[in-house]
Amino acid sequence: MIESGQIDRSSPIPLYHQLEYLLRGEIESGRYRPGDTLPSEGDICARYEVSRSVVRQTLTNLTHAGLIRTERGRGSFVAEKKLQERFVQRTTGLYDDLRQMGYEIRTHVVRQSVGELPLPVQDFLQAKRGVQIDRVRSVDGRVLTFIRSLIPESRCPGLETADLEDRSLYQVLADEYGLRVASGRRTVEAVAAEGEIAKHLGVDVGEPLLLLRSSSRDERGEPLEWFEAWHRGDRTMFEIEITPGEADQPFSSVVRLGYGAGEGPAGSATAGADSAPAPPAEGIDTLVEAMRRSRVVAVWRASRYREPAVVARLLAEAGVTVVEVTLTGENALAALAEARTVDGVVVGAGTVMTAADARDAIAAGAQFLVAPVGAEEVVAAARPSSTPVILAGFTPTEVWAAWQATGAPVKVFPASVGGPEYLPILHGPMPDVPLLPAGGVDIDTAVEYLRAGAVAVNVGGPLCPPDALVDGEIDVIGERVKQLRRALADL
């Protein structure tokens, strides 16, 4: 069957799964090494006699598994093998972990100074000033991590002048100050590379990174270190060890976003579910039902919104009764409030990035919030008002985490990467998660996504062009609405 090196068309196993198995075998056997270019989509089609859609689904799966990376216009390449850090209940540093595994480690100090600490760090360390140590760590000649450690100045006098080049900070704290990390909390989240961090890691701004954040205490329970490490996502993975029968688990089974009572940003997913209640199910159920009836969420994204009530009424008359007003517009909050005056229209706020954005949108009348990333503070800010929050995700892990955190529909973004056929793949293990495709969805493909199981689809510019929203060109939007009605008539 698959072991023969050929596709078995009589097998019940889907073709793309068979092809994925075959290509995985070639990568793992060393036929294709890290950095090698895979054959083109056309070559793979010809070799295995499969369609291009099968090949694309296979390459998407291999990308999600971290085995390949795809560059637009250049093709697919075998990814570098990732270094692995075990995420367990230990207090050793990454330097010690990697050294024990036999890696060659280099640590370069880029900043070592005393100054005022950021407010959240002051709250945890119970100190206003501290030593900031920024380092870049390379493993076997490859830049891996940008590390920032913040330690109270009063606890380690002179640490700002200590020689930390190619040395373990924890060893210096133990040897010279008698201080050892004994406990703490850790979180891991995906973030985009910015500024000097992108520069030091050798990645483009916006590239995905894994941010490990820890708040650590010494053997007496006193706060000792605030630690943040930005890992290159293409070179790092974290393994979480679950120890059965232990009283203290590294992670609980509930993923939550937001901070528990008395916690700063170091609060992690280890808190119980009862400390972070999701919005009431009835509020989310109402939103889901509105989306099912509307089938389309009209997304407004422009620098300014003119005639918002007129546009909302036009959409509602065509059956599109859910509108997302993105906060990119300078008068977004006023437009949201005006759109709310139209009977039968459910209006939410999109591109909600901060707690302040969330509070302002809710005050303006937003009935739901959409965050393009897993914005913890947005979820926390919406909780007192029980306003549903829609988070974005693409991989199965991201989609599941977003749904567990909020109970609301999950924005599958960018949907165009996987196409309509990706939704049944997500729904296979997660049939109860309402999926809301966004990004690259237009009037023509909306029907395909809905047939594939979407609760609704996000349609932006193809339905409400930015220029038309800015200029109040109702006729232009009206024509797009007619096109949409004709497309949905087949459902």
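Numbering of residues starts from 1 in every chain and runs along the sequence as written. Confidence filtering applies because this is a predicted model: local features only for residues at pLDDT of at least 70, side-chain atom pairs given and counted only at 80 or more, and all residues used for totals across whole chains, interfaces and linings. Water and hydrogen atoms play no part in the side-chain values, which are based on all heavy atoms of the structure.

Regarding the overall build of the protein
Numbering of helices and strands runs from the N terminus; a helix is a DSSP stretch of H or I covering at least four residues, while a strand is a stretch of E covering at least two. On a plain count of helices and strands, the protein comes out with 18 helices and 18 strands. Considering the protein as a whole, with its 491 residues, one finds that 48% of them fall into the buried category. Contacts: residue pairs with any heavy atoms within 4.5 Å of one another. Long-range contacts, defined here as pairs at least 24 residues apart, represent 58% of the contacts in the protein between residues at least 6 apart. With the model as given, the accessible surface of the protein reaches about 23,000 Å², and the carbon-plus-sulfur share is 49%. Only protein chains enter the accessibility calculation, which uses a 1.4 Å probe; a residue whose area is less than 20% of its type maximum is buried, one above 50% is exposed, and one in between is partly exposed. Per-residue and other accessible areas follow the Shrake-Rupley method at a 1.4 Å probe size, with only the shown protein chains counted as cover for residues.

Examining the pattern of salt bridges
We count a salt bridge whenever a side-chain nitrogen from Lys or Arg sits within 4 Å of a carboxyl oxygen from Asp or Glu. According to the stated counting rule, one finds 18 salt bridges in the structure shown. A salt bridge links Asp218 to Arg155, with the nearest nitrogen and oxygen atoms 2.6 Å apart. With a gap of 63 residues between them, Asp218 in strand E8 (residues 208–218) and Arg155 in the loop between strand E6 (142–152) and helix H6 (169–177) connect regions that are remote in the sequence. Accessibility expressed as a relative area gives 5% for Asp218, which makes it buried.

Re the nonpolar core
Think of a nonpolar core as a cluster: buried Ala, Val, Leu, Ile, Met, Phe, Trp, Tyr and Cys residues, connected wherever their side-chain atoms sit within 4.5 Å. Ranked by size, the top nonpolar core spans 67 residues in total, and within it Trp300, Leu315, Leu369, Val457 and Leu463 carry the most contacts. What Leu315 contacts, discounting residues up to four positions off in sequence, is Ala298, Trp300, Val320, Val323, Leu463, Cys464 and Val481. One finds Ile7, Tyr48, Leu67 and Ile68 within the second-largest nonpolar core, a separate group that totals 18 residues.

Let's talk about unusual backbone geometry
For the peptide bond that leads from Phe413 to Pro414, omega is -5°, which places it in the cis range. Secondary-structure assignment places Pro414 in the loop between strand E16 (410–412) and helix H14 (415–418). Positive phi is not limited to glycine here, since Ser386 has a value of about 60°. Structurally, Ser386 can be placed in the loop between helix H12 (376–382) and strand E15 (389–393).

What about helix H9 (residues 308–317)?
The α-helix advances 3.6 residues per turn, and as a result positions three or four apart in sequence lie on the same side. Three or more residues of H9 are buried, namely Pro308, Ala309, Val311, Ala312 and Leu315. All buried residues of H9 lie within an arc of 160° about the axis, which places them on one face of the element. Gly319 sits one or two positions beyond H9 and adopts a positive phi of about 95°. The directions considered for the arc are those from the helix axis to the C-beta atoms.

Side note on the packing of helix H16 (residues 443–451) against helix H18 (residues 474–488)
Between H16 and H18, the least distance of the axes is 9 Å, while the angle of their chain directions is 35°. Here H16 and H18 pass one another in a crossing that is right-handed. Contact with H16, carried on its side by Ile443, Val447 and Leu450, involves Arg480, Gln483, Leu484, Ala487 and Leu488 of H18 and no other residues of that element. Considered class by class, the residues forming the contact of H16 with H18 number six nonpolar, one polar and one charged. Note on geometry: axes are C-alpha line fits, over the in-contact stretch for helices, and angles between N-to-C directions span 0 to 180 degrees. For any helix crossing, the convention is left-handed if the near helix is rotated counterclockwise from the far helix by under a right angle, and right-handed if that rotation is clockwise. Each residue receives one of three labels: charged for Asp, Glu, Lys and Arg, nonpolar for Ala, Val, Leu, Ile, Met, Phe, Trp, Tyr, Cys and Pro, and polar for the others, Gly being one of them.

Focus on the packing of aromatic side chains
Put simply, two rings from Phe, Tyr or Trp (the six-membered ring, in Trp's case) pair if the centres are within 6.5 Å, and we call them stacked under 30 degrees between planes, edge-to-face over 60, tilted for the rest. If you walk through the whole model with that rule in mind, you get five aromatic pairs. Note on criteria: charge over ring means Lys NZ or Arg CZ within 6 Å of the ring centre, with the direction from the centre no more than 35 degrees off the ring normal. One residue, Lys411, lies across the ring of Phe413, its end atom 5.3 Å from the ring centre.

Observations concerning the confidence of the model for the protein
In this model, the protein carries a mean pLDDT of 81, and residues with pLDDT of at least 70 account for 84%. Scored from 0 to 100, pLDDT records how confident the predictor is in each individual residue. When pLDDT is averaged over each helix and strand of the protein, the minimum, 43, is found for strand E3 (residues 83–87) and the maximum, 96, for strand E12 (residues 322–326). Scored below 50 in pLDDT, residues 83–93 shows 45 contacts in the model against residues more than four places distant or in partner chains. Here residues 242–282 is modelled with pLDDT under 50, and outside its nearest four sequence neighbours on either side it reaches 64 contacts, counting other chains as well.

Some words on the pairing of strand E13 (residues 346–350)
Within E13, five of the five residues are buried, which leaves the element mostly enclosed by the surrounding structure. Chirality of the crossover, the property in question, places the unit of E12, helix H10 (residues 332–339) and E13 among those that are right-handed. Convention used here: a crossover is right-handed provided that the path from the first strand, over the helix, to the second strand proceeds clockwise when the strands point away from the viewer.

Regarding the sheet that holds strand E9 (residues 223–232)
With antiparallel pairing, the six strands of this open sheet are ordered in space as E4-E5-E6-E9-E8-E7. The open sheet has two edge strands, strand E4 (105–116) and strand E7 (181–192), and neither has a second partner. Taken pair by pair, the neighbouring strands of this sheet meet at an average axis angle of 15°, ignoring direction. On the sheet, H6 packs against strand E5 (129–139), E6, E7, E8 and E9 and is oriented at approximately 35° with respect to E6. Two strands are counted as paired when DSSP detects at least two bridges linking them.

Notes on H16
Of the residues making up H16, those classed as buried are Ile443, Thr445, Ala446, Val447, Tyr449 and Leu450. Here a polar contact means two N or O atoms within 3.5 Å. Within protein one must be a hydrogen donor candidate and the other an acceptor candidate, and residues neighboring in sequence count only if both atoms are side-chain atoms. For H16, the N-terminal capping position is held by Asp442, with its side-chain oxygen 3.1 Å away from the main-chain nitrogen of Asp444. After H16 finishes, the residue Gly453 shows a positive phi value of roughly 115°.

Comments concerning the pairing of E8
Among the 11 residues of E8, eight are classified as buried, and the element is accordingly described as predominantly covered. By the bridge criterion, 11 bridges tie E7 to E8 in an arrangement that is antiparallel. Residue Glu189 lies in a different strand from E8, and its bridge partner there is Leu211. Pairing of E8 with E9 involves nine bridges; the strand directions are antiparallel. Bridging across to E9, Ser215 finds its partner in Trp226. Counted between consecutive antiparallel strands, the loop separating E8 from E9 contains four residues, among which Gly221 sits at a positive phi close to 85°.

Structural notes on the environment of Ala363
Tracing the backbone through its elements, the reader meets Ala363 in helix H11 (residues 355–364). Expressed as a C-alpha distance, the spacing of Ala363 and Leu333, which sit 30 residues apart in the sequence, is 8.9 Å.

Let's talk about the environment of Gly221
Tracing the backbone shows Gly221 in the loop between E8 and E9. Taking relative accessible area as the criterion, Gly221 reaches 36% and is therefore assigned partly exposed. It is 9.2 Å that separates the C-alpha atoms of Gly221 and Gly184, two residues lying 37 residues apart in sequence.

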